[in-house]
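Analysis of the macromolecular model
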Amino acid sequence: MTSKKVPEWVPASGLQLRLIGIHFDAIRLRGVRGEAVLHHLATLTDGDPGPVVREIAGARWTYFLLEPGASQDFDWPPGAKYFGPAARDQYVGIPAAHGNTYPLSWRCGPPQEGDFVDAELLYGLVMAQLGPTHDCSGGAHQVAEARDEGRDVAFDLGRGCGP
């Protein structure tokens with residue numbers, strides 16, 4: 001059995017700031033919105049949504065780490081902060097795989113080399129949660145059906161959507 005390595009951008013201990021756009025892009029959601037999106041993302045990916053960093057204190061931000069450059073292909077709605085290639089340097093705190101990393105932690109375990117959150121799936125879920133439309137004609141319902149390959153998975157992200 002072979003095991004994957006933790007990416008080199010994950011510190012050996014504690015936490016460190018990492019420059020966005022080099023190793024990953026990030027989408028940041030606040031509080032319960034981030035937790036709701038993560039819950040549905042984990043459900044649609046059989047518990048393996050990719051690297052997600054959670055801030056335990058303060059605003060309780062959730063950072064979804066995407067492949068470098070992947071986040072710029074989407075028009076993220078207000079409430080979802082996009083961190084990607086920019087004119088100014090942007091950094092995100094990254095916790096070590098294990099040990100004391102307060103106030104940051106890996107929400108679904110530390111990442112493995114080459115693992116990232118699926119940008120298209122995340123975008124569909126974020127739009128269902130924060131987007132301007134109040135129906136299920138697109139967004140998360142379509143993503144859920146496509147992702148689950150035929151099994152109708154309907155969920156409510158606080159917008160009154162259902163099967």
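Moving on, we get to the overall build of the chain. Within the chain one finds three helices and seven strands. Reading the secondary structure of the chain in the N-to-C direction produces β-β-α-β-β-β-β-β-α-α. Counting every position in the chain, which comprises 163 residues, the buried fraction comes to 45%. Counting contacts in the chain only where the partners sit at least 6 residues apart, residues at least 24 apart contribute 77% of the total. When the accessible area of the chain is evaluated, it comes to approximately 8800 Å², of which 49% is carbon and sulfur surface.

Further remarks concern the packing of helix H1 (residues 31-44) against helix H2 (residues 119-130). With their axes 10 Å apart at the nearest point, H1 and H2 run at an angle of 135 degrees to one another. Regarding the angle of H1 to H2, the classification is oblique. Seen from above, H1 lies across H2 with right-handed handedness. Contact residues: H1 offers Arg33, Ala36, Val37, His40, Leu41 and Leu44, while H2 offers Leu121, Leu122, Leu125, Val126, Gln129 and Leu130. Within the contact of H1 with H2, the residues separate by chemical class into nine nonpolar, two polar and one charged.

What counts, and at which threshold
- Residues numbered from 1 in each chain as written.
- Predicted model: local features only at pLDDT ≥ 70, side-chain atom pairs only at ≥ 80, totals over all residues.
- Heavy atoms only, no water.
- Helix = DSSP H or I, 4+ residues; strand = E, 2+ residues; numbered from the N terminus.
- Buried < 20%, exposed > 50% of the residue type's maximum accessible area, 1.4 Å probe, protein only.
- Contact = heavy atoms within 4.5 Å.
- Areas by Shrake-Rupley, 256 points an atom, 1.4 Å probe, with all protein chains shown as cover.
- Axes fitted to C-alpha atoms, helices over the stretch in contact; angles between N-to-C directions.
- Parallel < 35°, antiparallel > 145°, perpendicular 65-115°, else oblique.
- Left-handed = near helix turned anticlockwise from the far one by under 90°.
- Nonpolar A, V, L, I, M, F, W, Y, C, P; charged D, E, K, R; others polar.

Taken by themselves, the reported measurements are silent on function.
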